[in-house]
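Coordinates in review
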Amino acid sequence: MISEHPRVRFAPSPTGYLHVGGLRTALYNYLFAKNNNGKFILRIEDTDRNRYVEGAVENLIAALKWVGLEYEEGPDKGGNYGPYMQSERLDIYKKYAQELVAQKKAYYCFCTPERLSQVRDEQQKQGLQPKYDKHCLSLSAEEIEEKLKNNVPYVIRMNIEPDMKIAFEDVIRGSVEFDSNIIDDQVLIKSDGYPTYHLANVVDDHLMKITHVIRGEEWLSSTPKHVLLYDFFGWEKPVFAHLPLLLNPDRSKLSKRQGDVAVEDYRAKGYLKDALVNFVALLGWNAGDDKEYYELEEMVEKFSLERVNKSGAVFNIEKLNWLNAEHLRKKPDEELLSMLKDELEVSKYKGKIFSDKYLLLVIEAMKERVSFVKEYIEKSPYFFEAPEEYDQDVIKKRWKEGSAENILKLAEKFSALQDPVKEDYETALRQTAEELGIGTGKLIHPVRLAVSGVGGGPGLFDILYIIGKDETISRLKRAAEKIKI
RNA sequence: GGCGCGUUCGUCUAGAGGCUUAGGACGCCGCCCUCUCAAGGCGGAGAUCACCGGUUCGAAUCCGGUACGCGCUACCA
C-alpha cells in the first residue's frame, strides 16, 4: 500500500499563524515522508477570500522554518507541480469542475442564498437532514445557457447519488463507512469562481501526486466527498490517515481562548523548537517503548503512522516545560552562550558588558537549575548585578546576631587572597569559621544571602569565584550594613 | 437532531486473549545526596482499564449495546 517514494503535503489555510495542532500535522507528514524516503510538500489553501489575512503565508512559512520542518516543494521554493498557492490555480479547478459537469457528475446551481436558507429552514422544521434539494439539477440545457448568458451568479455542485455506501480505509482508524444519503450536493466552485476546499484539495492532491493524505480528524466526515470525487474523475485514491485532535485541559478542541495556540507564542515565551517538536510529536504517537526525549532525526527513524493513537490528547504545558528543560540542558555551552547573550540584549542588563568567559561560568553554574534561557537571568540576577534586596524569609532563617561581624571578618580574610579560585574561598571560609568558633554553615548561609540576596542557587564558592574577589568583598560589606534583623 | 470518531492513573501513554497484584513519563509527596536551590538516585500516593452484557477455561485486549466526550452537518477550511 505504501509506495516506494511517498509524497505528502501539509496544506494549511493561511489564517494568520501556525497553530500547534497544525504543527503536529506538519510534523507527522514530515516524519512520515523522511522515514519513507519521500517528499514533503507545502501547499497553501487560500481559497476563502473572506478569510484572507495579510502576511499570513509569510508567517506560516517563518514558523515552519523556525521549527525546522523543511519542505522540498512549496510556494517559496517552487517544484514540478506548482503553483503551490491554490489562489493561483483557479483555472485548473474550473477546468476539472467543468469536466464533471460534462459527465453529469456535477451541475450548475443558480439558487440564491435566500432560497437555500429557506429550503434549509423548511427541512429543519420537518426534522430532516438539511440538504440541497437538487432543484437546479432539472434545469434544461437551454435554461442553463440562458442564465449563464445573463450572468446569473452560479455555483457548481457535486451530484451525489442517493443510497450508496461509501467506504474507505484509514490507516489510523481502520475502515470507515458513510451513507451517501447524508452527504449534501457539495459546492465545488463558489460563485466568486474560487473552488471549495473539497474540489481544490482533491484536484491538487492528484495533480501533485500526493500518495498519503495525513490531516486532522476534523476532515474525517468530509472524506466520503473526496472519495467520491476521486471516483468521479477516475483517479487513484491516496492513503488516508486522520490524526486525533489536540485538546484544551477541559477536553474541548484546542483553542485560543484557553491558552497559547500559535507556534510563535511558544517561541516568544522562550520554548526551544526542539522541545516543542518533541512534545507535540508525543501527543498522539510513541515508538512503543519508554523513550520520551527525542531529537528530530531519531523521530524520523522511528516514526510510523500505524503507531499513531486514535484519541485526542490534552496539551499539557507542564510536560512541555520539563522537555524544554531537558533539551536546554543537552545544549552545548557555546550554543547556550549565544542564546544567553540574545536574552541579555532584551533584558534590563542590555548594554552591560559581560565577557564570554564570565557568561560561560554562569552557564556552567546554572545549567542544571534552569528550564528556560531567560531563567539564567531571572533565577540568578546576582550574576549580573549586586542584590538590592535580601529575601526576608532567608534573613529570618539564616541571619543571626553576629552574622554581620562574621562576614566582615571573612571579607577581611578574602582581601588577603591572591587571584583566588573556588578552593581558596572555601579554605578561607572554613578557616574563618574555625577562628570564630562557629560551624561553617553559620557562615556559608549568611554569605550566600549577602552575595546573592537569596537562599538558593549554585554552590557558594562557585558564586564567589564567578563574581570575583572585589565584588564579593564589596557585597559582603554592603550586606553587613544593610541587613537588619 | 443526524452521521462519524473516540473512551487505560490529574495529564501524555505502554498494553495486539493468559507474561499484569495493569508498566513508564510529567506533575505531586517523602527519603538520600548536600552549604542552599536544582539536577540525580530511591520510594510513595494515584487507574474497580467509561458502564452493562456476551464470547472464552481465561478479556484492558474480541463482539454487542448504553453513557459521555469530540468532530462534521456552509458558496470556512
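Our next topic: the packing of aromatic side chains. The full count for this structure, using the stated rule, is 23 aromatic pairs. Centroid distance Tyr107 to Tyr132: 6.4 Å. Interplanar angle 25°. Geometry classified as stacked. Here Tyr132 lies in the loop between helix 4 (113-125) and helix 5 (141-149) and Tyr107 lies in strand 3 (residues 106-109), a separation of 25 residues in the sequence. For the pair Tyr107 and Tyr132, a shared accessibility class is recorded, and that class is buried. Note on Tyr108 and Tyr154: the rings are 5.0 Å apart at their centroids and 70° apart in plane angle, and the pair reads as edge-to-face. Remark: Tyr154 occurs in the loop between helix 5 and strand 4 (155-158) and Tyr108 occurs in strand 3; sequence separation between them is 46 residues. On the accessibility criterion, Tyr154 (24% relative accessible area) is partly exposed. Taken together, the ring pairs connect Tyr266, Tyr271, Phe279, Phe315 and Phe372 into an aromatic cluster.

One finds Leu69 and Phe383 to be the most contacted residues of the largest nonpolar core, which totals 109 residues. Residue contributions to this core peak at nine residues, all from helix 1 (residues 20-35). If near-sequence neighbours (up to four positions away) are discounted, Leu69 is found in contact with Leu23, Ala26, Leu27, Tyr30, Phe40, Leu64 and Leu296. Core analysis: the second largest hydrophobic core is formed by 45 residues, Ala97, Ile144, Val187 and Phe233 among them.

It is worth spelling out the packing of helix 18 (residues 440-452) against helix 19 (residues 460-467) at this point. The axes of two packed helices give the description: the angle between them and the distance between them. Put simply, helix 18 and helix 19 touch, their axes get as near as 10 Å, and they point 40° apart. Between helix 18 and helix 19, the angle is such that the two are oblique. Helix-helix and strand crossings are classified by hand; for helix 18 and helix 19 the assignment is left-handed. Residues Ile444, Val447, Arg448 and Val451 of helix 18 lie in contact with helix 19, whose contacting residues are Leu460, Phe461, Ile463, Leu464 and Ile467. Of the residues that constitute the contact of helix 18 with helix 19, the class distribution is eight nonpolar, no polar and one charged.

Note: strands within a sheet are paired through backbone hydrogen bonds, in either parallel or antiparallel orientation. Spatially, three strands are ordered 3-4-7 in an open sheet, and the strand pairing comes out antiparallel. The open sheet has two edge strands with one neighbour each: strand 3 and strand 7 (187-189). Ignoring which end each strand starts from, the neighbouring axes of this sheet average 40° apart. Sheet topology places strand 3 next to strand 4; four bridges connect them, and they run antiparallel. Across the sheet, Cys109 pairs through a bridge with Val155, a residue of strand 4. Set on the sheet, helix 3 (residues 90-102) makes contact with strand 3, strand 4 and strand 7; between it and strand 3 the angle comes to about 105°.

Okay, the protein's contact with RNA strand B next. Surveying the vicinity of RNA strand B reveals 60 residues, the closest of which are Arg51, Glu292, Glu368, Arg369 and His445. In this structure, Val314 approaches RNA strand B through a main-chain N or O atom, which is 2.9 Å from a phosphate oxygen. Of all elements in the fold, only helix 4, strand 4, strand 6 (174-179), strand 11 (313-314), helix 11 (317-330) and helix 18 reach the threshold of two or more residues within the surface near RNA strand B. Here the element with the most residues in the surface near RNA strand B is helix 11; it accounts for five residues. Tallied by class, the residues present in the surface near RNA strand B amount to 21 nonpolar, 16 polar and 23 charged.

So, on to the domain arrangement of chain A. Its domain assignment divides chain A into domain 1 (7-86 + 246-314), domain 2 (89-243), domain 3 (333-383) and domain 4 (392-482). Each of domain 1 and domain 2 was reduced to a C-alpha centroid, and the two centroids are 27 Å apart. Taken residue by residue, the interface counts 26 residues in domain 1 and 26 residues in domain 2. Surface buried jointly by domain 1 and domain 2 totals about 2400 Å² across both partners, of which 54% is contributed by carbon and sulfur atoms.

Criteria and thresholds
Residues numbered from 1 in each chain as written. Chains lettered and ligands numbered in written order. Predicted model: local features only at pLDDT ≥ 70, side-chain atom pairs only at ≥ 80, totals over all residues. Heavy atoms only, no water. Phe/Tyr/Trp six-rings, centres within 6.5 Å; stacked < 30°, edge-to-face > 60°. Helix = DSSP H or I, 4+ residues; strand = E, 2+ residues; numbered from the N terminus. Buried < 20%, exposed > 50% of the residue type's maximum accessible area, 1.4 Å probe, protein only. Core = buried A, V, L, I, M, F, W, Y, C linked by side-chain atoms within 4.5 Å. Contact = heavy atoms within 4.5 Å. Axes fitted to C-alpha atoms, helices over the stretch in contact; angles between N-to-C directions. Parallel < 35°, antiparallel > 145°, perpendicular 65-115°, else oblique. Left-handed = near helix turned anticlockwise from the far one by under 90°. Nonpolar A, V, L, I, M, F, W, Y, C, P; charged D, E, K, R; others polar. Pairing = 2+ DSSP bridges. Near = heavy atom within 4 Å. Polar contact = N/O pair within 3.5 Å; in protein donor to acceptor, adjacent residues only side chain to side chain. Domains from an automatic or database assignment. Buried area = accessible area lost by both parts, 1.4 Å probe.

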